[in-house]
Amino acid sequence: MLNFARSRSQARATRPTSMGGMDYADPKRKGNFVGKVFLAAALTTICIIMIKRSPSLTSPSPFAIHEPGVTHVLVTGGAGYIGSHAALRLLKDNYRVTIVDNLSRGNWGAVRVLQDLFPEPGRLQFIYADLGDAKSVNKIFSENKFDAVMHFAAVAYVGESTMDPLKYYHNITSNTLTVLESMARHDVKTLIYSSTCATYGEPEKMPITEETMQVPINPYGKAKKMAEDIILDFSKNSDMAIMILRYFNVIGSDPEGRLGEAPRPELREQGRISGACFDAARGIIPGLKVRGTDYKTQDGTCIRDYIDVTDLVDAHVKALEKAESSKVGIYNVGTGKGSSVKEFVEACKRATGVNIKVDFLPRRPGDYAEVYSDPTKIKRELNWTAKHTNLQESLRTAWRWQKSHRDGYGISNAVF
């Protein structure tokens, strides 16, 4: 046992000598103090040298430079359902990716999955920001060197748009203008714009081609068409390469089970029919609500063109590869085949193995009876064709993710 008590025989420590009210320090202590000062100075000098030699401080971020052979893509809304799948594909194809998202509809958990898959420096960065803040958007463009932008970020529920139209015009139309202005200011040369078949409204003739007149009937479709008009007007005096993709109803998820669709609980009522089917199959909701059985279709329910998210992302990548300076390409992205809501529900029952209870309700405001695409142009010009066209198989793939992620990604966005 160590004894910290001082023995009586132990000499007392020398104390400063007091003389005339003045203390004179022990010379040994003065020497120790000077030594410590020199040691601290030496350590400080070494630290400064090491910091200056640190690559992370002397070299710019790889995201802030144009690197030969590397294409840097800004993915707005990259934490969302479609945006995260697009980011995954881009990363797999060795693009450099920056995700910008305010997580109002996206999931931090999806970003974490991507970060875990691609941890190497210079591959992926996430920036928490709102595209409605023009100063923040301009700062992002000034601090990063983007080669292209895939603009997904948008609220996207038809029913919600009829109840809160101003939110949609701000979020879609105004924010697209902000992004486009920053692209022009910082000389970003390529834009892939995520649009929608909702811009067509309810055409008299099917299938829908790119020349079909655009007469949207809900604020969501109107806001997207306004954004398209802004882009097209801008393009007349710009050398920017622009692709506008008008896609149809998105289903499915990553075939390897890494990503899926996880909408906020309070938005489930507004969400996609596939999400509602899965919620009913898992018992989260008592049954599925089908709105509208008196449309002029074969079985009275709406007919839609359901496109698998894997095919949709493939179309975006092909559009990026084919984009040409000073040219605008506009393409429908769909299968060319329509399925009714009743057919969709039956496919979902088979995919999940659950006999889902279905309640038939009156129509939802802003919906249209029949919409499906003619994909001839995108096949001819971009060599793109939908490959995942079996409705039941796409739903089965998505169901596997849903079953293993009952609470979505299981990570809260509250950290931001």
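Residues numbered from 1 in each chain as written. Predicted model: local features only at pLDDT ≥ 70, side-chain atom pairs only at ≥ 80, totals over all residues. Heavy atoms only, no water.

Remarks on the state of the cysteines
Two cysteines form a disulfide when their sulfur atoms are joined by a covalent bond.
Okay, so step 1: In the structure shown here, the tally under the stated rule is 0 disulfides.
Okay, so step 2: Sulfur of Cys-277: no disulfide; nearest cysteine sulfur belongs to Cys-348 and is 3.5 Å away.
Okay, so step 3: The exposure class assigned to Cys-277 is buried, which follows from its relative accessible area of 0%. (Disulfide = S-S within 2.5 Å. Buried < 20%, exposed > 50% of the residue type's maximum accessible area, 1.4 Å probe, protein only.)

Considerations on the nonpolar core
Okay, so step 1: Grouped together as the largest cluster of nonpolar side chains are 49 residues, with contacts concentrated most on Leu-90, Val-97 and Val-333.
Okay, so step 2: For Leu-90, the residues in contact, after removing those within four places along its chain, are Val-73, Val-75, Tyr-95, Val-97, Met-150, Val-317 and Leu-320.
Okay, so step 3: Ile-127, Ile-172, Cys-197 and Ala-223 belong to the second largest nonpolar core, which has 40 residues in total. (Core = buried A, V, L, I, M, F, W, Y, C linked by side-chain atoms within 4.5 Å. Contact = heavy atoms within 4.5 Å.)

With respect to unusual backbone geometry
A negative phi angle is the norm for most residues apart from glycine, just as the trans form is the norm for most peptide bonds.
Okay, so step 1: Following Met-206, the chain continues to Pro-207 via a peptide bond in cis, the omega torsion being -5°.
Okay, so step 2: Residue placement: Pro-207 occurs in the loop between strand E7 (190-196) and helix H8 (219-235).
Okay, so step 3: A positive phi is found at Leu-103, a non-glycine position, where the angle reads about 60°.
Okay, so step 4: The backbone of Ser-326 shows a phi angle near 65°, a positive value even though the residue is not glycine.
Okay, so step 5: Relative to the helices and strands, Ser-326 is located in the loop between helix H10 (309-322) and strand E13 (328-333).
Okay, so step 6: Judged by relative accessible area, Ser-326 falls into the partly exposed class, the value being 47%. (Helix = DSSP H or I, 4+ residues; strand = E, 2+ residues; numbered from the N terminus.)

Topic: a nonpolar patch on the surface
Okay, so step 1: On the surface, a cluster of nonpolar side chains totalling about 290 Å² of accessible area is made up of Leu-39, Leu-43 and Ile-46.
Okay, so step 2: When you line up the elements, Leu-39 lands in helix H1 (residues 27-53).
Okay, so step 3: Under the relative-accessibility criterion, Leu-39 is labelled exposed at 53%. (Patch = residues over 30% accessible without salt bridge, like charges linked within 9 Å, V, L, I, M, F, W, Y side chains within 5 Å. Areas by Shrake-Rupley, 256 points an atom, 1.4 Å probe, with all protein chains shown as cover. Salt bridge = Lys/Arg side-chain N within 4 Å of Asp/Glu carboxyl O.)

As for the packing of aromatic side chains
Okay, so step 1: Taken as a whole, this structure holds 6 aromatic pairs when the rule is applied.
Okay, so step 2: The ring of Tyr-331 carries Lys-377 above its face, with NZ or CZ at 5.1 Å from the centroid. (Phe/Tyr/Trp six-rings, centres within 6.5 Å; stacked < 30°, edge-to-face > 60°. Lys NZ or Arg CZ within 6 Å of the ring centre and 35° of its normal.)

Some remarks on the pattern of salt bridges
Okay, so step 1: All told, the structure shown has 22 salt bridges when counted by the stated rule.
Okay, so step 2: One salt bridge in this structure joins Asp-314 and Lys-318, with 3.3 Å as the shortest N-O distance. Remark: Lys-318 and Asp-314 occur in helix H10; sequence separation between them is 4 residues, near one turn of the helix.
Okay, so step 3: The class of Asp-314 is buried, set by a relative accessible area of 11%.
Okay, so step 4: Where salt bridges share partners, they join Arg-89, Asp-93, Asp-314 and Lys-318 into one cluster.

Observations concerning the confidence of the model for the protein chain
Okay, so step 1: Predicted confidence across the protein chain gives a mean pLDDT of 89, with 88% of residues reaching 70 or more.
Okay, so step 2: Segment residues 1-25 is flagged for pLDDT under 50; beyond a separation of four residues in sequence, or across chains, it makes 9 contacts in the model. (pLDDT = per-residue confidence, 0-100.)

Details of the sheet that holds strand E5 (residues 124-128)
Strand pairing in a sheet takes place through backbone hydrogen bonds and is either antiparallel or parallel in direction.
Okay, so step 1: As summarised here, the arrangement of the 7 strands in space is E5-E4-E3-E6-E7-E8-E13, forming an open sheet in which the pairing is parallel. Since the sheet does not close on itself, it has two edges, and those belong to E5 and E13, each with one partner. Across the sheet, the mean angle separating the axes of adjacent strands is 15° when strand polarity is ignored.
Okay, so step 2: Of the strand pairs in this sheet, strand E3 (residues 72-76) and strand E4 (residues 96-101) are connected by 5 bridges, and their pairing is parallel. Within E4, the position partnered with Val-75 by the bridge is Ile-99.
Okay, so step 3: Across the sheet, H10 is in contact with E3, strand E6 (148-151), E7, strand E8 (241-247) and E13; its angle to E8 comes to roughly 160°. (Pairing = 2+ DSSP bridges. Axes fitted to C-alpha atoms, helices over the stretch in contact; angles between N-to-C directions.)

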